[in-house]
Amino acid sequence: MSLTMELLILVLLPVAFLLPHGSQAGEIIGGQEAQPHSRPYMAYLEIQHRWKKYICGGFLVSENFVLTAAHCKGDKITVYLGAHNIKQEEQSQQKISVRRWIPHPQFSRATHNNDIMLLQLEERAKLNRWVDSIALPPASERVNPGAVCSIAGWGSTSTESASTPAKLQEVDVVVMQDAACPRRPNGPYHDYNSSTMMCVGDPKMGKDSWEGDSGGPLVCGKTAQGVVSWGPPTPPGVYTRVSTFIPWIQATMRRLQP
Ligand SMILES: *[C@@H]1O[C@H](CO)[C@@H](O)[C@H](O)[C@H]1NC(C)=O
(Lines give C-alpha, C1' and ligand atoms only; values in the text may rest on other atoms or scores of the structure.)
Protein backbone atom coordinates (compact mmCIF):
# COMPACT_ATOMS: atom_id res chain seq x y z
CA MET A 1 0.00 0.00 0.00
CA SER A 2 1.39 3.41 -0.86
CA LEU A 3 2.07 5.88 1.89
CA THR A 4 -0.48 8.24 0.46
CA MET A 5 -3.16 5.57 0.69
CA GLU A 6 -2.12 4.77 4.22
CA LEU A 7 -2.41 8.40 5.17
CA LEU A 8 -5.76 8.75 3.52
CA ILE A 9 -6.97 5.77 5.48
CA LEU A 10 -5.48 7.07 8.71
CA VAL A 11 -7.45 10.24 8.31
CA LEU A 12 -10.69 8.66 7.18
CA LEU A 13 -10.93 5.60 9.38
CA PRO A 14 -11.55 7.36 12.68
CA VAL A 15 -14.65 8.82 11.16
CA ALA A 16 -15.93 5.46 9.97
CA PHE A 17 -15.01 3.56 13.13
CA LEU A 18 -16.06 5.99 15.76
CA LEU A 19 -19.20 7.56 14.47
CA PRO A 20 -21.63 6.49 17.17
CA HIS A 21 -24.75 4.76 15.92
CA GLY A 22 -27.54 7.20 15.30
CA SER A 23 -25.39 10.30 15.22
CA GLN A 24 -25.72 12.71 12.35
CA ALA A 25 -23.05 12.97 9.72
CA GLY A 26 -22.74 16.67 10.51
CA GLU A 27 -21.70 15.91 14.07
CA ILE A 28 -18.67 13.90 13.06
CA ILE A 29 -16.94 12.91 16.26
CA GLY A 30 -16.98 16.26 17.90
CA GLY A 31 -15.42 18.26 15.12
CA GLN A 32 -17.00 21.61 14.47
CA GLU A 33 -16.59 24.45 12.04
CA ALA A 34 -13.97 26.91 13.25
CA GLN A 35 -14.93 30.52 13.64
CA PRO A 36 -13.83 32.02 10.30
CA HIS A 37 -10.22 33.28 10.40
CA SER A 38 -9.80 32.52 14.10
CA ARG A 39 -6.65 30.55 13.17
CA PRO A 40 -4.79 32.91 10.82
CA TYR A 41 -1.68 30.69 10.85
CA MET A 42 -3.49 27.78 9.13
CA ALA A 43 -2.15 26.78 5.73
CA TYR A 44 -3.88 24.54 3.21
CA LEU A 45 -1.35 22.63 1.10
CA GLU A 46 -2.20 21.32 -2.34
CA ILE A 47 0.34 18.65 -3.21
CA GLN A 48 1.07 17.18 -6.59
CA HIS A 49 2.98 13.91 -6.38
CA ARG A 50 3.53 12.11 -9.70
CA TRP A 51 0.00 11.72 -11.08
CA LYS A 52 -1.75 12.11 -7.73
CA LYS A 53 -3.06 15.20 -6.02
CA TYR A 54 -3.67 15.33 -2.31
CA ILE A 55 -3.86 17.83 0.51
CA CYS A 56 -2.17 18.47 3.82
CA GLY A 57 -2.35 21.07 6.54
CA GLY A 58 0.48 23.30 7.65
CA PHE A 59 1.06 26.47 9.64
CA LEU A 60 2.83 29.75 9.06
CA VAL A 61 5.81 30.27 11.37
CA SER A 62 7.26 33.41 9.72
CA GLU A 63 6.48 35.58 6.70
CA ASN A 64 7.98 33.05 4.31
CA PHE A 65 8.13 29.70 6.10
CA VAL A 66 5.40 27.12 6.66
CA LEU A 67 5.88 24.10 8.90
CA THR A 68 4.23 20.79 8.00
CA ALA A 69 4.88 17.02 8.11
CA ALA A 70 7.73 15.51 6.08
CA HIS A 71 5.38 12.85 4.67
CA CYS A 72 3.51 15.67 2.88
CA LYS A 73 6.40 16.03 0.43
CA GLY A 74 5.51 16.08 -3.27
CA ASP A 75 6.74 17.24 -6.65
CA LYS A 76 4.90 20.53 -6.39
CA ILE A 77 3.25 22.20 -3.41
CA THR A 78 0.96 25.22 -3.43
CA VAL A 79 0.15 26.98 -0.15
CA TYR A 80 -3.12 28.75 0.55
CA LEU A 81 -3.13 31.16 3.49
CA GLY A 82 -6.04 33.15 4.92
CA ALA A 83 -8.67 30.61 3.88
CA HIS A 84 -11.84 29.58 5.64
CA ASN A 85 -13.90 28.08 2.83
CA ILE A 86 -11.23 26.47 0.68
CA LYS A 87 -13.66 25.76 -2.15
CA GLN A 88 -14.29 29.45 -2.72
CA GLU A 89 -12.00 32.23 -3.86
CA GLU A 90 -12.16 34.35 -0.73
CA GLN A 91 -10.70 37.89 -0.72
CA SER A 92 -8.67 36.95 2.34
CA GLN A 93 -6.80 34.13 0.59
CA GLN A 94 -3.16 34.30 -0.50
CA LYS A 95 -1.98 31.59 -2.86
CA ILE A 96 1.80 31.20 -2.84
CA SER A 97 3.99 28.55 -4.41
CA VAL A 98 6.79 26.84 -2.56
CA ARG A 99 10.36 27.71 -3.49
CA ARG A 100 12.09 24.97 -1.49
CA TRP A 101 10.96 22.12 0.70
CA ILE A 102 13.26 20.92 3.41
CA PRO A 103 12.14 17.65 5.01
CA HIS A 104 14.06 16.76 8.16
CA PRO A 105 17.23 14.96 6.99
CA GLN A 106 16.56 12.04 9.35
CA PHE A 107 12.90 11.60 8.40
CA SER A 108 12.04 7.91 8.07
CA ARG A 109 9.07 6.83 5.97
CA ALA A 110 9.21 3.42 7.64
CA THR A 111 8.90 4.61 11.25
CA HIS A 112 7.59 8.17 10.67
CA ASN A 113 10.41 9.38 12.90
CA ASN A 114 11.31 13.09 12.52
CA ASP A 115 8.14 13.75 10.49
CA ILE A 116 8.63 17.48 10.05
CA MET A 117 9.30 19.71 7.02
CA LEU A 118 9.89 23.40 6.40
CA LEU A 119 8.51 25.03 3.26
CA GLN A 120 10.14 28.22 2.06
CA LEU A 121 7.58 30.29 0.20
CA GLU A 122 8.30 31.84 -3.20
CA GLU A 123 7.30 35.24 -1.82
CA ARG A 124 6.62 36.63 1.63
CA ALA A 125 3.04 36.41 2.89
CA LYS A 126 1.33 39.71 3.61
CA LEU A 127 0.49 39.57 7.31
CA ASN A 128 -2.92 41.01 8.18
CA ARG A 129 -5.99 40.01 10.17
CA TRP A 130 -6.49 36.85 8.08
CA VAL A 131 -2.88 35.75 7.75
CA ASP A 132 -0.41 35.62 10.64
CA SER A 133 2.25 33.36 12.07
CA ILE A 134 2.00 31.20 15.20
CA ALA A 135 4.60 30.98 17.96
CA LEU A 136 6.76 27.89 18.40
CA PRO A 137 7.60 26.51 21.85
CA PRO A 138 10.98 26.93 23.54
CA ALA A 139 13.41 24.11 22.73
CA SER A 140 12.75 20.92 24.73
CA GLU A 141 9.58 22.21 26.42
CA ARG A 142 7.23 19.32 27.23
CA VAL A 143 3.46 19.69 27.36
CA ASN A 144 1.99 18.17 30.51
CA PRO A 145 -0.26 15.15 30.04
CA GLY A 146 -3.86 16.19 30.56
CA ALA A 147 -3.41 19.49 28.74
CA VAL A 148 -6.25 20.25 26.36
CA CYS A 149 -5.04 21.41 22.96
CA SER A 150 -6.76 21.70 19.60
CA ILE A 151 -6.28 20.64 16.01
CA ALA A 152 -7.81 22.00 12.82
CA GLY A 153 -7.95 21.03 9.18
CA TRP A 154 -9.92 20.76 5.97
CA GLY A 155 -10.38 17.00 6.01
CA SER A 156 -8.73 14.47 3.75
CA THR A 157 -8.09 14.04 0.05
CA SER A 158 -9.96 15.10 -3.02
CA THR A 159 -10.87 11.52 -3.87
CA GLU A 160 -13.39 11.69 -1.04
CA SER A 161 -14.81 15.04 -2.02
CA ALA A 162 -18.25 14.17 -0.68
CA SER A 163 -16.87 13.93 2.84
CA THR A 164 -14.30 16.71 2.58
CA PRO A 165 -15.48 19.81 4.37
CA ALA A 166 -15.12 23.10 2.51
CA LYS A 167 -14.77 25.04 5.73
CA LEU A 168 -12.05 24.73 8.34
CA GLN A 169 -12.98 22.23 11.07
CA GLU A 170 -11.50 22.08 14.57
CA VAL A 171 -11.60 19.84 17.61
CA ASP A 172 -10.13 19.72 21.13
CA VAL A 173 -7.82 16.85 22.04
CA VAL A 174 -6.11 15.80 25.28
CA VAL A 175 -2.35 15.27 25.54
CA MET A 176 -1.71 11.76 26.90
CA GLN A 177 1.18 10.19 28.82
CA ASP A 178 3.74 8.53 26.57
CA ALA A 179 2.60 5.24 28.13
CA ALA A 180 -0.74 5.62 26.33
CA CYS A 181 1.18 4.90 23.09
CA PRO A 182 3.04 1.77 24.26
CA ARG A 183 5.92 0.43 22.14
CA ARG A 184 4.74 -3.19 22.12
CA PRO A 185 6.36 -5.15 19.26
CA ASN A 186 3.10 -6.05 17.55
CA GLY A 187 1.05 -3.12 18.74
CA PRO A 188 0.10 -0.07 16.70
CA TYR A 189 2.62 2.15 18.52
CA HIS A 190 5.78 0.04 18.10
CA ASP A 191 7.46 2.97 16.35
CA TYR A 192 6.47 5.55 18.97
CA ASN A 193 9.48 7.62 20.04
CA SER A 194 8.85 9.84 23.06
CA SER A 195 11.70 12.19 22.23
CA THR A 196 10.37 13.11 18.78
CA MET A 197 6.64 12.33 19.10
CA MET A 198 3.63 13.17 21.26
CA CYS A 199 0.74 10.86 22.12
CA VAL A 200 -2.52 12.78 21.81
CA GLY A 201 -6.23 11.97 22.08
CA ASP A 202 -8.16 10.19 24.82
CA PRO A 203 -9.27 6.71 23.66
CA LYS A 204 -12.32 6.96 25.94
CA MET A 205 -13.53 10.09 24.18
CA GLY A 206 -14.36 9.05 20.62
CA LYS A 207 -15.42 12.56 19.86
CA ASP A 208 -11.88 13.77 20.35
CA SER A 209 -10.43 11.50 17.74
CA TRP A 210 -10.93 13.53 14.62
CA GLU A 211 -7.47 13.60 13.10
CA GLY A 212 -7.53 16.76 11.05
CA ASP A 213 -5.08 16.93 8.21
CA SER A 214 -1.59 15.56 8.24
CA GLY A 215 0.83 18.41 8.71
CA GLY A 216 -1.58 20.64 10.62
CA PRO A 217 -0.69 22.09 14.01
CA LEU A 218 -1.53 20.84 17.48
CA VAL A 219 -2.14 24.14 19.25
CA CYS A 220 -1.74 24.40 23.03
CA GLY A 221 -2.53 27.87 24.32
CA LYS A 222 -0.96 30.15 21.73
CA THR A 223 1.80 27.76 20.69
CA ALA A 224 2.15 25.11 17.97
CA GLN A 225 3.42 22.15 20.00
CA GLY A 226 2.77 19.33 17.54
CA VAL A 227 2.35 18.38 13.88
CA VAL A 228 -0.35 15.86 12.90
CA SER A 229 1.68 12.81 11.86
CA TRP A 230 0.32 9.25 12.10
CA GLY A 231 -1.71 6.80 14.14
CA PRO A 232 -3.94 3.74 14.18
CA PRO A 233 -7.65 4.07 13.33
CA THR A 234 -8.58 4.94 16.91
CA PRO A 235 -7.07 7.51 19.29
CA PRO A 236 -4.58 8.30 20.61
CA GLY A 237 -2.83 9.59 17.51
CA VAL A 238 0.83 10.47 17.16
CA TYR A 239 2.12 13.99 16.56
CA THR A 240 5.62 15.29 15.85
CA ARG A 241 6.98 16.97 18.99
CA VAL A 242 7.87 20.47 17.71
CA SER A 243 9.98 21.51 20.73
CA THR A 244 12.54 18.79 19.89
CA PHE A 245 13.14 20.37 16.48
CA ILE A 246 13.58 24.03 17.44
CA PRO A 247 17.36 24.03 16.85
CA TRP A 248 16.87 22.45 13.39
CA ILE A 249 14.02 24.84 12.51
CA GLN A 250 16.00 27.92 13.54
CA ALA A 251 19.21 26.83 11.83
CA THR A 252 17.38 25.93 8.61
CA MET A 253 15.47 29.20 8.44
CA ARG A 254 18.62 31.20 9.11
CA ARG A 255 20.55 29.30 6.43
CA LEU A 256 17.91 29.93 3.73
CA GLN A 257 17.02 33.49 4.60
CA PRO A 258 18.25 35.72 1.76
C1 LIG B 1 14.17 8.47 18.75
O2 LIG B 1 14.52 9.44 17.79
C3 LIG B 1 15.82 10.00 17.95
C4 LIG B 1 15.96 11.12 16.95
O5 LIG B 1 15.84 10.66 15.63
C6 LIG B 1 16.84 8.90 17.78
O7 LIG B 1 18.14 9.43 17.98
C8 LIG B 1 16.58 7.79 18.78
O9 LIG B 1 17.46 6.71 18.54
C10 LIG B 1 15.14 7.29 18.66
N11 LIG B 1 14.86 6.34 19.72
C12 LIG B 1 14.35 5.13 19.46
C13 LIG B 1 14.09 4.30 20.66
O14 LIG B 1 14.10 4.74 18.34
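Caption draft 1: The arrangement of the overall build of the protein chain in detail. Within the protein chain one finds two helices and 13 strands. Counting only residues that meet the buried cut, the protein chain has 55% of its 258 residues in that class. Within the protein chain, contacts between residues separated by at least 24 positions form 70% of all contacts whose residues are at least 6 apart in sequence. Surface accessibility of the protein chain: about 11900 Å² in total, with carbon and sulfur atoms responsible for 51%.

Caption draft 2: Here's a closer look at the sheet that holds strand S10 (residues 197-200). Read from one edge of the open sheet, seven strands run S1-S9-S8-S11-S12-S13-S10, paired in antiparallel fashion. Each edge of the open sheet carries a strand with a single partner, namely strand S1 (32-33) and S10. Summarising the sheet, strand S8 (residues 148-153) and strand S11 (residues 217-220) pair through two bridges and their orientation is antiparallel. Of the residues in S11, the one forming a bridge with Ser150 is Val219.

Caption draft 3: Spotlight on the pattern of salt bridges. Counted according to the given criterion, the structure contains six salt bridges. As a salt-bridge pair, Arg124 and Glu63 come within 3.1 Å of each other at their nearest N and O atoms. Here Arg124, found in the loop between strand S7 (117-121) and S8, pairs with Glu63, found in the loop between strand S3 (52-62) and strand S4 (65-68); they are 61 residues apart in sequence, far enough to count as distant. What makes Glu63 partly exposed here is its relative accessible area of 34%.

Caption draft 4: Spotlight on helix H2 (residues 246-256). Three or more residues of H2 are buried, namely Ile246, Trp248, Ile249, Thr252, Met253 and Leu256. Here the buried residues of H2 occupy an arc of 165 degrees about the axis, which is enough to place them on one side. Facing away from the buried side of H2, by more than 90 degrees, are the exposed residues Pro247, Arg254 and Arg255. Residues of H2 that are buried make contact with S3, S4, strand S6 (94-103) and S7.

Caption draft 5: Looking closely at the confidence of the model for the protein chain. Here the protein chain averages 85 in pLDDT, and 82% of its residues register 70 or above. The low-confidence segment residues 1-28 (pLDDT under 50) makes 43 contacts with residues lying over four places distant or belonging to another chain. This stretch, residues 157-161, has a pLDDT under 50; its non-local contacts, to residues over four places away or in other chains, come to eight contacts.

Caption draft 6: A look at the nonpolar core. In this structure, Leu45, Val79, Leu81, Leu118 and Ile249 are the most contacted members of the largest nonpolar core, which totals 50 residues. Elements with a contribution of two residues or more to this core: strand S2 (42-49), S3, S4, strand S5 (76-81), S6, S7, strand S12 (223-230) and H2. Ranked by the residues each element gives to this core, the list is headed by S3, at six residues. Residue contributions to this core reach at least three from each of two domains, namely domain 1 (3-33 + 135-243) and domain 2 (42-133 + 246-256). When neighbours within four sequence positions are excluded, Leu118 is seen to be in contact with Val61, Phe65, Val66, Leu67, Arg100, Trp101, Ile102, Trp248, Ile249, Thr252 and Met253. In terms of nonpolar packing, the next biggest core, distinct from the first, is built from twelve residues, Val143, Val173, Val200 and Cys220 among them.

Calculation notes
- Numbering of residues starts from 1 in each chain and follows the order in which that chain's sequence is written.
- Per-residue local features of the predicted model are confined to residues with pLDDT of at least 70, and side-chain atom pairs are confined, for both listing and counting, to 80 or more; whole-chain, interface and lining totals are unaffected and use all residues.
- As a rule here, side-chain values come from all non-hydrogen atoms in the structure, and water together with hydrogens is ignored.
- Under the scheme used here, helices are H or I runs from DSSP no shorter than 4 residues and strands are E runs no shorter than 2 residues, and both carry numbers assigned from the N terminus.
- Only protein chains enter the accessibility calculation, which uses a 1.4 Å probe. A residue is then buried if its area is under 20% of the maximum for its type, exposed if over 50%, and partly exposed in between.
- Here a residue-residue contact requires only that any non-hydrogen atoms of the pair lie within 4.5 Å.
- All accessibility values rest on the Shrake-Rupley procedure with a 1.4 Å probe; residue burial counts only the protein chains present in the view.
- Pairing between two strands is assigned when DSSP locates at least 2 bridges connecting them.
- Salt bridges are identified by distance alone: a Lys or Arg side-chain nitrogen within 4 Å of an Asp or Glu carboxyl oxygen.
- Of all possible arcs, the one meant is that of the directions from the helix axis to the C-beta atoms.
- Values of pLDDT, which run from 0 to 100, indicate the predictor's confidence residue by residue.
- In these notes, a set of buried Ala, Val, Leu, Ile, Met, Phe, Trp, Tyr and Cys residues joined through side-chain atoms within 4.5 Å is what counts as a nonpolar core.
- Boundaries of every domain are those given by an automatic assignment or by a domain database.

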